[in-house]
Amino acid sequence: MSTGRLTIDLDALAANWRALDAMSGAQVQTAAVVKADAYGLGVGKAARALAAAGARRFFVAVAEEGWAVREALGPGPEIGVFSGHMAGDTDMIHDLHLVPMLNSIEQLTRHIEALPGHPFGIQLDTGMNRLGMEPAEWAAVRDVVLAQAPRLLMSHLACADEPEHEMNRQQLAAFHEMTDETGVPRSLSATGGILLGPDYHFDLTRPGIGLYGGLPFEAAQPVVELDLPVIQIRDLVAGESVGYGNTFVAERATRVATVSGGYADGLSRHLSNHGVLFHADTPCPILGRVSMDLIGVDVTHLDETPKTLTMIGPHQGVDDLAEAAGTIGYEILTQLGTRYARRYARGRS
Ligand SMILES: *Cc1c(COP(=O)(O)O)cnc(C)c1O
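Residues numbered from 1 in each chain as written. Predicted model: local features only at pLDDT ≥ 70, side-chain atom pairs only at ≥ 80, totals over all residues. Heavy atoms only, no water.

### Some thoughts on empty space enclosed by the protein
Okay, step 1: In this structure the tally under the stated criterion is one cavity of 30 Å³ or more.
Okay, step 2: Looking at the largest cavity, its volume works out to about 60 Å³.
Okay, step 3: In this structure, the largest cavity is lined by Gln123, Leu124, Asp125, Thr126, Met128, Arg130, Leu131, Ser155 and His156.
Okay, step 4: Here the residues of the lining of the largest cavity are counted per class, giving three nonpolar, four polar and two charged. (1 Å grid on protein atoms, 1.4 Å probe; cavity = no way out; pocket = protein on both sides within 12 Å on 5 of 7 lines; lining within 4 Å. Points joined across faces, edges and corners; volume = space filled by probe spheres on them. Nonpolar A, V, L, I, M, F, W, Y, C, P; charged D, E, K, R; others polar.)

### Quick look at the site of the ligand
Okay, step 1: With respect to spatial proximity, 14 residues lie near the ligand, and among them Lys35, Tyr39, Thr191, Ile209 and Tyr330 are the closest.
Okay, step 2: Arginine 206 is positioned such that a nitrogen or oxygen atom in its side chain is 3.0 Å from a nitrogen atom of the ligand.
Okay, step 3: When the ligand is considered free in solution it has 390 Å² of accessible area, and contact with the protein chains removes 92% of it.
Okay, step 4: Here the residues of the shell around the ligand sort into eight nonpolar, three polar and three charged. (Near = heavy atom within 4 Å. Polar contact = N/O pair within 3.5 Å; in protein donor to acceptor, adjacent residues only side chain to side chain. Areas by Shrake-Rupley, 256 points an atom, 1.4 Å probe, with all protein chains shown as cover.)

### What to know about the packing of aromatic side chains
Okay, step 1: Applying the stated criterion to the full structure yields four aromatic pairs.
Okay, step 2: Here tyrosine 39 and tyrosine 330 contribute two aromatic rings whose centre-to-centre distance is 6.2 Å and whose plane-to-plane angle is 35°, an arrangement assigned as tilted. One end of the pair, tyrosine 39, is in helix H2 (residues 35–39); the other, tyrosine 330, is in helix H11 (residues 329–335), and 291 residues separate them in sequence.
Okay, step 3: With relative accessibility at 6%, the residue tyrosine 39 sits in the buried group.
Okay, step 4: The partly exposed category is assigned to tyrosine 330, whose relative accessible area is 35%.
Okay, step 5: Centroid distance phenylalanine 175 to phenylalanine 202: 5.0 Å. Interplanar angle 90°. Geometry classified as edge-to-face. Of this pair, phenylalanine 175 sits in helix H8 (residues 166–179) while phenylalanine 202 is found in the loop between helix H9 (191–195) and strand S10 (204–205), placing the two residues 27 residues apart along the sequence.
Okay, step 6: We classify phenylalanine 202 as buried; its relative accessible area is 14%.
Okay, step 7: The structure contains a cluster of three or more aromatic residues connected by ring pairs, namely Tyr39, Tyr212 and Tyr330.
Okay, step 8: One Lys or Arg, lysine 45, reaches over the ring of tyrosine 344 and ends 4.8 Å from the middle of that ring. (Phe/Tyr/Trp six-rings, centres within 6.5 Å; stacked < 30°, edge-to-face > 60°. Helix = DSSP H or I, 4+ residues; strand = E, 2+ residues; numbered from the N terminus. Buried < 20%, exposed > 50% of the residue type's maximum accessible area, 1.4 Å probe, protein only. Lys NZ or Arg CZ within 6 Å of the ring centre and 35° of its normal.)

### Quick notes on the environment of glycine 121
Okay, step 1: In this structure, glycine 121 sits in strand S7 (residues 121–123).
Okay, step 2: In the structure, glycine 121 is positioned 107 residues away from leucine 228 in sequence and 44 Å away in space, judged by C-alpha atoms.

### Side note on the UniProt feature "domain: Alanine racemase C-terminal" (unreviewed entry) in the chain
Okay, step 1: Listed under "domain: Alanine racemase C-terminal" (unreviewed entry) in the UniProt record, and renumbered for this structure, are residues 223–345.
Okay, step 2: End C-alpha to end C-alpha, residues 223–345 measures 10 Å, and it is 12% helix and 40% strand. (UniProt positions renumbered as here; feature names shortened; annotations may be inferred.)

### Regarding unusual backbone geometry
Okay, step 1: Omega for the peptide link from leucine 215 to proline 216 comes to 15°, which places this bond in the cis form.
Okay, step 2: Residue position: proline 216 is located in the loop between S10 and strand S11 (224–236).
Okay, step 3: The phi dihedral of glutamate 181 falls on the positive side, at around 60°, and the residue is not glycine.
Okay, step 4: Tracing the sequence through the fold places glutamate 181 in the loop between H8 and strand S9 (186–187).
Okay, step 5: Take glutamate 181: its relative accessible area is 81%, and that puts it in the exposed class.

See below:
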């Protein structure tokens, strides 16, 4: 086997859902956000594991993503669509029984005309200026909407991963102003908002990243492990270089392991001469540039010749790797490539 091995722990995923569910009161429902192929981990397997853990409501970003979720889950669970009801989505929304979160008067009109009586939610913009109806727009259609019994009124926090950020309280106040006394179920919080406490929970929470083991859910169980096979070992003398552009030049005798994996597998070029992999507990620095399919790693200090080196594991989680690559855990997960041999595990092995 010459591709990297990506291990996805479905029990850890389920445990993270249960832990986030337990953070809000019994009357608060906890959904599961499975957009972008369940943050890169495989939406069919992830959605089934989450449903088995107790999740009954799921969210995707666009209607096209609803197909795989519906196929995995069967007819029962509700699947919400954040991008709402776009032109061309009507058949998918109807046939897959998706619940669009309508973002504008245009989408509202399209939905009511094309699929009268089909369930929908409304997304409100409380200040992020990304998706949703703004206060004036909402005021104009609020009575019409409420007469149609929407399934959900939702909004999204811009700064929930910074608990002290004043934007959180501003958005909370705006959400109350737009939704109090509507009698409709409400949702404001993703992972970060759940951690802000009960004022932010309303009737339904929508965690994504925390399920998959990422920050800001610090207590998350790790879900992903990534091991890369060593294809070849090179012994360099002082003055020899490694990889494209000769950006690493050995100052002394150096043993280099060339591992299978590169930027085509979601391992950023920003890790060049900068990141580390692990051999058991021992860090092994990346030497030279990360190329498309290969990475050079310093194994001079190891007692044995490694067969694999670990990129994501007990000593370097998704967010540690993200920091080394100058990004966030969300991007590391969603960029994990299609070449890895994926193994879905139950429990730590
Ligand atoms: C992605 C997303 C979520 C989940 O966010 P996490 O930070 O991953 O928990 C929830 N709601 C909306 C609207 C989203 O776009």
